[in-house]
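Listed here are the chains, written in short residue letters.
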Amino acid sequence: MSVSFNFSETETQQSVKAMVRDFAEKNIRPNIMEWDEAQHFPVNLFKQLGELGLMGVLVPEEYGGSGLGYQEYVDVIVEVARVCGSIGLSLAAHNSLCTGHILAFANEEQKQRWLPKLATAEWIGAWGLTEANTGSDALRMMTTAVEDGDDYIINGAKNWITHGKSGDIAVVMVRTGEQGSSKGISAIVVERGTPGFSAGKKENKLGMRASETTEMIFDNCRVPKANLLGNVGEGFKQAMKVLDGGRISIAALALGIAKGAFDAAVSYSKQRQQFGQPISSFQAISFKLADMATEIEAAELLIRQAADLKNRHLPMTKESAMAKYFASEVSVKVATEAVQIFGGYGYTKDFPVEKFYRDSKLCTIGEGTSEIQKIVIAREILN
C-alpha cells in the first residue's frame, strides 16, 4: 500500500507550539532543578496545564478536551520535554495511557463520567500494567480480579506506575483468566479513595525525578463491574493498542529531551572559548553537532510518520515502534554528546545537560524497552 505524507506545519500547530513554549519557559524552567532535587511532583502545575487544555489534548471537545490530533500532541510533548523531561513524561502518561485508554475503550456512560475530569486535570490519571516480576512479560501478571456479585475483588500490586500515589484514577490491567493467556487479562478503572487501594514505595530514580513513580497496592479492593472497560478478557489487547499510541508519546518525549540538550550544546559551543576561538569552530565539535542535528531530524520524521498514520486510523504498530526505538536511542546519544561538548561543566548541576543526560535513559526503557521495540519491528516486517 502506498501512503503519502504531508508534514507541513498548520497554523494550529504553530499556535499550540508557541503557547506551550511560552508556558514552559515561564512556569517550568525556573523550577526544574528544585523539583528534580526534591523529587517533587508539582500537582498544581498540572492543574495549570489542564486549564490550557493540555491534559486532554486528544479528547474531543464534547468531553471537555481540546479535540486536537497526534501532530499537535507531539508538539506539546516535545516543547515541554525540551525544558523538562519529567514534566513531559507525566504529561504523556496522563494523556496517552490513562486518558487514552478510557477514550479508546470506554462506553459512553464511562466516558461522560471520567473524561471531563481527566481532560481538565481535575483528576490526574495513572495506568497500571507492569508488576515487580513482569516487565516485558506482562502475560504473567499476578494481580487478580475475582467476581463477587456486582463487583470485582482486586488483589495484587503494580510497579513503576507514573502517578501511582497522586493519581485520582487508574486504569489497571488485572488477571481474570488463565495466567499466560492473552485472553486472561481485563482492564478495570479504580478511583482513588476506593477501600483497599493504596500507594506503596515511591522509587528513588536516576532521572525523571519530578515525575512520580510509585507502587499501587490492591488489598481486597472492591470495584463495581460497571468500571470494566470493554469486555472481560480484552485487557491485554486493549493495552497493546494503547501502547502503540504510547510509543509515539515516548518518542516525542525523547525528541524533546534531545532537542533541549542540542540547543544547550549549540549555545555553549558558540560561547566557550579555547585557544582564542569558540569551540564550535573546531571540527571535532562541529561534526558532533552535525551528527546530533541529523539524527534529531531523522527521529522527528519517523515520529511525524507514525503520528500521521495514527491520525488517519491506519495501521502503525511498526512505525510507532520504529519511532520510539530510534528517537529514544538518539536522545541518549545526543544527551551524551552534549555533556561531552560541555566538558567538565557538563558533569555539574550548574548546567542543564547533566539532567537531559539522566532523563534521556528512561526513554529506552519505559513503555517497552529498545529490545522489545526490535521484537515488534521484526515481527511486523516478517509477517
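As annotated in an unreviewed UniProt entry, the protein carries the name Cyclohex-1-ene-1-carbonyl-CoA dehydrogenase and is attributed to Pedobacter agri. Quoted verbatim from the Cofactor (unreviewed entry) field of the UniProt record, the comment on the protein reads "FAD". Checking UniProt for the protein, the heading Sequence similarities (unreviewed entry) contains the comment "Belongs to the acyl-CoA dehydrogenase family."

Chemist: An account of the overall build of the protein is requested, with residue identities and associated values reported.
Modeler: Per the secondary structure count, the protein includes 11 helices and 10 strands. Relative to the globule expectation of 21 Å for 383 residues, the C-alpha radius of gyration of the protein, 21 Å, shows essentially globular dimensions. Taken along its principal axes, the extent of the C-alpha atoms in the protein is 80 × 50 × 40 Å. For the protein, long-range pairs separated by at least 24 residues make up 75% of all intrachain contacts whose partners lie at least 6 apart in sequence. Element-wise, carbon and sulfur atoms account for 51% of the exposed surface of the protein, whose accessible area totals about 16500 Å². Here the protein contributes 40 positively and 46 negatively charged side chains, and the mean placements of these two sets differ by 3 Å.

Chemist: Can you explain the UniProt feature "domain: Acyl-CoA dehydrogenase/oxidase C-terminal" (unreviewed entry) in the protein? Please cite residues and give values.
Modeler: As annotated in UniProt, the feature "domain: Acyl-CoA dehydrogenase/oxidase C-terminal" (unreviewed entry) corresponds to residues 233-382 in the numbering used here. End-to-end, the C-alpha atoms of residues 233-382 are 28 Å apart, and along that stretch the chain is 75% helix and 3% strand.

Chemist: Which residues make up the pairing of strand β5 (residues 185-191), and what values go with them?
Modeler: The buried fraction of β5 is high, at 6 of 7 residues. Judged from the 7 bridges that link them, strand β4 (residues 169-175) and β5 form a sheet pairing that is antiparallel. Bridging from a neighbouring strand, V174 pairs with S186 of β5. Here 2 bridges tie β5 to strand β8 (residues 228-229), and the two strands are oriented antiparallel to one another. What sits directly across from A187, in β8, is L229.

Chemist: Could you give an account of helix α9 (residues 317-342), with specific residues and numbers?
Modeler: Along its 26 residues, α9 runs 38 Å from first to last C-alpha, staying within 8% of the 38 Å computed at 1.5 Å per residue. One or two steps after α9, the chain reaches G343, where phi turns positive at roughly 65 degrees.

Chemist: Can you explain unusual backbone geometry? Please cite residues and give values.
Modeler: Even without being glycine, M208 reaches a positive phi, approximately 50 degrees. With respect to the helices, strands and loops of the structure, M208 is situated in the loop between β6 (197-202) and β7 (213-224). Given a relative accessible area of 1%, M208 falls into the buried group. In this structure, N220 takes a positive phi of about 50 degrees despite not being glycine. Relative to the helices and strands, N220 resides in strand β7. Judged by relative accessible area, N220 falls into the partly exposed class, the value being 49%.

Chemist: For the side chain of E354, give the residues involved together with the corresponding values.
Modeler: Position of E354 among the secondary structure elements: in helix α10 (residues 353-360). Among the residues examined, E354 registers a relative accessible area of 8% and is labelled buried. Once residues lying within four places of it in the same chain are set aside, the contact partners of E354 are M33, V339, G346, T348 and K349.

Chemist: Any details on the packing of α9 against α10? Residues and values, ideally.
Modeler: In the contact formed by α9 and α10, the axes pass within 8 Å of each other and the chain directions differ by 155 degrees. The orientation of α9 with respect to α10, classified from their angle, is roughly antiparallel. Taken as a pair, α9 and α10 cross one another with a handedness that is left-handed. Across from S331, V332, A335, T336, A338, V339 and F342 in α9, the residues of α10 making contact are V353, E354, F356, Y357 and S360. Taken together, the residues that form the contact of α9 with α10 break down as 8 nonpolar, 3 polar and 1 charged.

Chemist: Got a sec to walk through the UniProt feature "domain: Acyl-CoA dehydrogenase/oxidase N-terminal" (unreviewed entry) in the protein? Specific residues and values, please.
Modeler: Mapped onto the present numbering, the UniProt feature "domain: Acyl-CoA dehydrogenase/oxidase N-terminal" (unreviewed entry) falls at residues 10-122. With 70% helix and 0% strand, the stretch residues 10-122 has end C-alpha atoms that lie 30 Å from each other.

Chemist: For the nonpolar core, give the residues involved together with the corresponding values.
Modeler: Counting 70 residues, the largest nonpolar core has I28, L49, I87 and L253 as its most contacted members. Per element, the largest residue contribution to this core is 14 residues, and it comes from helix α7 (residues 235-271). Residue contacts for L253: discarding those within four places in its chain leaves I77, A81, G85, G88, L89, M208 and C363. Core analysis: the next-biggest nonpolar cluster, separate from the first, contains 27 residues, A93, V171, V189 and F236 among them.

Chemist: Report on the packing of aromatic side chains, specifying residues and quantitative values.
Modeler: Enumeration according to the criterion identifies 8 aromatic pairs in this entry. Note on Y70 and Y73: the rings are 5.6 Å apart at their centroids and 80 degrees apart in plane angle, and the pair reads as edge-to-face. Taken as a pair, Y70 and Y73 lie in helix α4 (residues 70-81) at a separation of 3 residues, close to a single helical turn. What makes Y73 buried here is its relative accessible area of 0%. A ring pair is formed by F275 and F282, whose centres lie 6.4 Å apart and whose planes are at 70 degrees; its orientation type is edge-to-face. Here F282 falls in the partly exposed class, since its relative accessible area comes to 22%. Put simply, the rings of Y268, F342, Y345 and F351 touch in pairs and so form one group of aromatic residues. Its end group placed over the ring of F197, R192 keeps NZ or CZ at 4.3 Å from the ring centre. Lying across the ring of Y152, K225 places its NZ or CZ 6.0 Å from the centre.

Calculation notes
Residues numbered from 1 in each chain as written. Predicted model: local features only at pLDDT ≥ 70, side-chain atom pairs only at ≥ 80, totals over all residues. Heavy atoms only, no water. UniProt positions renumbered as here; feature names shortened; annotations may be inferred. Helix = DSSP H or I, 4+ residues; strand = E, 2+ residues; numbered from the N terminus. Rg over C-alpha atoms; globule rule 2.2 N^0.38 Å. Contact = heavy atoms within 4.5 Å. Areas by Shrake-Rupley, 256 points an atom, 1.4 Å probe, with all protein chains shown as cover. Lys, Arg positive; Asp, Glu negative; His and termini not counted. Charge placed at Lys NZ, Arg CZ, Asp CG, Glu CD. Buried < 20%, exposed > 50% of the residue type's maximum accessible area, 1.4 Å probe, protein only. Pairing = 2+ DSSP bridges. Expected span 1.5 Å × (residues − 1). Axes fitted to C-alpha atoms, helices over the stretch in contact; angles between N-to-C directions. Parallel < 35°, antiparallel > 145°, perpendicular 65-115°, else oblique. Left-handed = near helix turned anticlockwise from the far one by under 90°. Nonpolar A, V, L, I, M, F, W, Y, C, P; charged D, E, K, R; others polar. Core = buried A, V, L, I, M, F, W, Y, C linked by side-chain atoms within 4.5 Å. Phe/Tyr/Trp six-rings, centres within 6.5 Å; stacked < 30°, edge-to-face > 60°. Lys NZ or Arg CZ within 6 Å of the ring centre and 35° of its normal.

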